[in-house]
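# Structural overview for review
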Amino acid sequence: MSRYTIAFYNLENLFDTVNDPKKMDETFTPRGAARWNEQKLEAKVQMLGAVIPTIGQADNPFAPVLIGVAEVENATVLKQLVKVEPLKDLGYSFVHFDSPDERGIDTALLYRSSFFKVIESKAVHVLIETEKGHPDLTRDILHVVGELEGQRVHVLVNHWPSKRAGEKETAYKRMEVANQNRAVITEIKKTEPDARIIIMGDFNDDPQSDSISQLVGTDFYNPMELLLTRDDGSTNYRGKWNLFDQILVSNNFMKPYDNPFTFEKAAIFNSDAVVIQDGDYKGNPFRTYAGPKYLGGVSDHFPVYAVFKVK
C-alpha cells in the first residue's frame with residue numbers, strides 16, 4: 001500500500017516578463033503597473049519550488065505526485081518552475097495548453113513522471129456568452145488521463161470565472177462551467193462507466209454554492225465541505241474566508257472494501273511558508289501583490305490537497 005498526495009494551487013499571476021500583444025498581460029511587464037521583472041519572477045519561482053514539495057507533508061511526507069495549478073501564463077514559466085530545486089530532482093513535468101483567456105492565464109497539471117504516466121490530455125474549451133450574447137473568453141478545462149501505479153484516473157483542472165463584476169451578476173458563468181464539467185464526465189462514462197475522476201480547481205465559489213452542488217450531484221463527494229469556517233479557508237477577501245480551491249472525487253474512491261485506489265482525507269495547506277506572520281493581515285496567505293503593492297510572497301491562495309491510498 002502506497003500513499004500519494006494530490007494537490008491544487010492557484011499560483012497568483014505567474015507571468016513571464018514579456019508583453020504578448022495578443023493578451024492583456026501588460027500589467028506584468030517591467031514597464032507595467034506591477035513593475036514585474038526577471039528578479040521578481042525568479043524569486044517567486046524559487047519560493048514556489050520550495051513550497052510545492054511540502055504540500056500535505058503533515059499527512060504524507062512524500063511530495064505531491066500531482067498538482068493542478070491555475071494562473072500560469074504559458075509553458076515558459078512552467079519550464080522555469082520545474083527546473084528549480086528541489087522540483088527538478090523530484091522529476092516534475094507538466095501538461096499545459098494555451099487557453100483563450102483574455103489575460104492569458106491558464107491551468108496546468110504538474111506531475112512526477114516516475115510515478116504518474118500521462119496517457120492522453122486535451123483542453124476542453126469553455127463556451128460562455130455575456131448577457132448581450134458576446135463570447136466571454138475564459139480558461140479551458142484541462143482534462144488529463146493517466147495511470148498511478150497502474151490505476152487509471154481522469155483529472156479535470158479548472159479555473160472558473162471570477163466574481164469581480166458581482167457575485168450574483170456572474171453566477172450564471174460559473175454554473176455554465178459546472179455544466180460543461182458535467183458534459184465531460186458524461187462523455188467519459190460512455191466508455192468508462194466506472195471511471196475514477198478527480199475534479200480540482202479554483203472555482204471562485206464555495207462548497208455550498210449552487211454551482212458546486214450541481215457538480216457534486218449524486219456521483220461525486222466533496223471532502224472540502226466541512227473545511228470552510230469563519231476562521232479558515234484558502235483565500236481571504238476583506239477579512240472573510242472563502243474556500244474557492246477544492247478537490248472533488250468520484251464516489252468509487254470511497255468504496256470501503258476491495259478498492260485498490262481509495263480517498264483518505266483532504267485539507268488546506270497553510271504552513272508558515274505561505275502565511276503572513278504578523279501585522280494587520282496575520283494568518284492570511286502570503287501573497288505576491290496586494291493591489292499594486294509588491295509584497296514578495298508566494299500566492300494569495302493557500303494550496304489544498306487530498307491523500308489517497310493505492311494498492
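Below, the structure is looked at part by part. (Residues numbered from 1 in each chain as written. Predicted model: local features only at pLDDT ≥ 70, side-chain atom pairs only at ≥ 80, totals over all residues. Heavy atoms only, no water.)

## A few points about the sheet that holds strand β16 (residues 304-310)
A sheet is described by the order of its strands in space; here six strands give the open sequence β3-β4-β2-β1-β16-β13, paired in mixed fashion. With partners counted over all chains shown, the strands left at the sheet margins are β3 (92-96) and β13 (261-268), one partner each. Neighbour-to-neighbour, the strand axes of this sheet turn through a mean angle of 20 degrees, independent of strand direction. Alignment of strand β1 (residues 2-14) against β16, held across seven bridges, turns out to be antiparallel. The partner of Thr 5 across the bridge, within β16, is Val 307. Lying on the sheet, helix α2 (residues 75-82) is in contact with β1, β2 (66-72), β3 and β4 (106-112); it crosses β3 at an angle near 165 degrees. (Pairing = 2+ DSSP bridges. Helix = DSSP H or I, 4+ residues; strand = E, 2+ residues; numbered from the N terminus. Axes fitted to C-alpha atoms, helices over the stretch in contact; angles between N-to-C directions. Contact = heavy atoms within 4.5 Å.)

## Quick word on empty space enclosed by the protein
Counted by the stated rule, this structure contains two cavities of 30 Å³ or more. For the largest cavity, the calculated volume is near 50 Å³. Forming the walls of the largest cavity are Phe 97, Ser 99, Asp 106, Thr 107, Ala 123, Arg 139, Asp 140 and Leu 142. Residue classes in the lining of the largest cavity are distributed as three nonpolar, two polar and three charged. For the second largest cavity, the full set of lining residues is Val 126, Thr 138, Arg 139, Asp 140, Ile 141, Asn 158, His 159, Trp 160, Pro 161 and Val 177. Here the residues of the lining of the second largest cavity are counted per class, giving five nonpolar, three polar and two charged. (1 Å grid on protein atoms, 1.4 Å probe; cavity = no way out; pocket = protein on both sides within 12 Å on 5 of 7 lines; lining within 4 Å. Points joined across faces, edges and corners; volume = space filled by probe spheres on them. Nonpolar A, V, L, I, M, F, W, Y, C, P; charged D, E, K, R; others polar.)

## Quick word on the pattern of salt bridges
A full pass over the atoms with the stated rule returns 13 salt bridges. A salt bridge links Arg 182 to Asp 219, with the nearest nitrogen and oxygen atoms 2.6 Å apart. Here the residue Arg 182 occupies a position in helix α3 (residues 167-191), and Asp 219 occupies one in the loop between α4 (210-216) and β9 (220-221), the gap between them amounting to 37 residues. Because the salt bridges share partners, they merge into one network encompassing Lys 163, Glu 167, Arg 174 and Asp 205. (Salt bridge = Lys/Arg side-chain N within 4 Å of Asp/Glu carboxyl O.)

## Section: unusual backbone geometry
A cis geometry characterises the amide bond from Glu 85 onward to Pro 86, with omega recorded as 0 degrees. Within the fold, Pro 86 resides in the loop between α2 and β3. Phi angles above zero are rare outside glycine, and Arg 35 is one such case at about 50 degrees. Its place among the elements puts Arg 35 in the loop between β1 and α1 (38-51). Assessed through its relative accessible area of 48%, Arg 35 is described here as partly exposed. A positive phi is found at Asp 258, a non-glycine position, where the angle reads about 45 degrees. On the secondary structure map, Asp 258 appears in the loop between β12 (245-250) and β13. (Buried < 20%, exposed > 50% of the residue type's maximum accessible area, 1.4 Å probe, protein only.)

## Here's the deal with the packing of aromatic side chains
As enumerated under the stated definition, the model contains 16 aromatic pairs in all. On the numbers, 4.9 Å between centres and 85 degrees between planes, the contact of Phe 253 with Phe 261 is edge-to-face. Its guanidinium or amino end placed over the ring of Phe 253, Arg 196 lies 5.4 Å from that ring's centre, counting from NZ or CZ. (Phe/Tyr/Trp six-rings, centres within 6.5 Å; stacked < 30°, edge-to-face > 60°. Lys NZ or Arg CZ within 6 Å of the ring centre and 35° of its normal.)

From the geometry alone we can't say anything about function, so treat these as descriptive.
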